[in-house]
Amino acid sequence: AKKVVIALQDEAVKALQMLKDEPQTDLQGMVKRFGISELREATNTINNLMDENTAAGIQRFQRLMIQAKYQYEDEIPFPLNKKGAPQPRGEVRLARIEEALNSYIDNSK
């Protein structure tokens, strides 16, 4: 479970660096079909090992990580125009992705 959480954290750090290097980079490959359930399963395993007081804190971080992961996975695809062609990622969308990635990284440590 720890390896899964660390691997997802490393993936987020790498994605953030890629966005800083090239804001229009395609990160669609990091969005997995059951990525959030994989994160939830790993954090539940860790949570089950803890006592009640510690578990409450871990559950809070779990919720924050899942929310951040959902937010950046929702924003990663390039926007489409009316004809369905991908458009460049705007500054506001880029800022939302970076904010969600930073939030995920902070809460996963």
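Note that the coordinates shown come from a computational prediction; the quantities given were computed from them, not determined experimentally.

Asker: An account of the layout of surface pockets is requested, with residue identities and associated values reported.
Answerer: Within this model, the largest pocket holds a volume of roughly 250 Å³. Along the walls of the largest pocket sit 14 residues, with V5, I46, I58, S108 and K109 positioned nearest its centre. Of all the elements in the fold, those that place two or more residues in the lining of the largest pocket are α1 (2–21), α2 (35–48) and α3 (52–75). Of the residues contributing to the lining of the largest pocket, the split by class is 7 nonpolar, 5 polar and 2 charged.

Asker: Lay out the pattern of salt bridges in plain terms, naming residues and giving numbers.
Answerer: This model, assessed by the stated rule, comprises 4 salt bridges. Note that E11 and K32 form a salt bridge whose closest N and O atoms lie 2.9 Å from each other. One end of the pair, E11, is in helix α1; the other, K32, is in the loop between α1 and α2, with 21 residues separating them in the sequence. The class for K32 is partly exposed, based on a relative accessible area of 35%. The closest approach of N and O atoms between R96 and E75, which form a salt bridge, is 3.0 Å. In this pair, R96 is assigned in helix α4 (residues 91–107) and E75 in helix α3, connecting sequence segments 21 residues apart. Residues joined by salt bridges that share partners form a network here, namely E75, R93 and R96.

Parameters at a glance
- Residues numbered from 1 in each chain as written.
- Predicted model: local features only at pLDDT ≥ 70, side-chain atom pairs only at ≥ 80, totals over all residues.
- Heavy atoms only, no water.
- 1 Å grid on protein atoms, 1.4 Å probe; cavity = no way out; pocket = protein on both sides within 12 Å on 5 of 7 lines; lining within 4 Å.
- Points joined across faces, edges and corners; volume = space filled by probe spheres on them.
- Helix = DSSP H or I, 4+ residues; strand = E, 2+ residues; numbered from the N terminus.
- Nonpolar A, V, L, I, M, F, W, Y, C, P; charged D, E, K, R; others polar.
- Salt bridge = Lys/Arg side-chain N within 4 Å of Asp/Glu carboxyl O.
- Buried < 20%, exposed > 50% of the residue type's maximum accessible area, 1.4 Å probe, protein only.

By themselves, these are just geometric observations and shouldn't be taken as functional.
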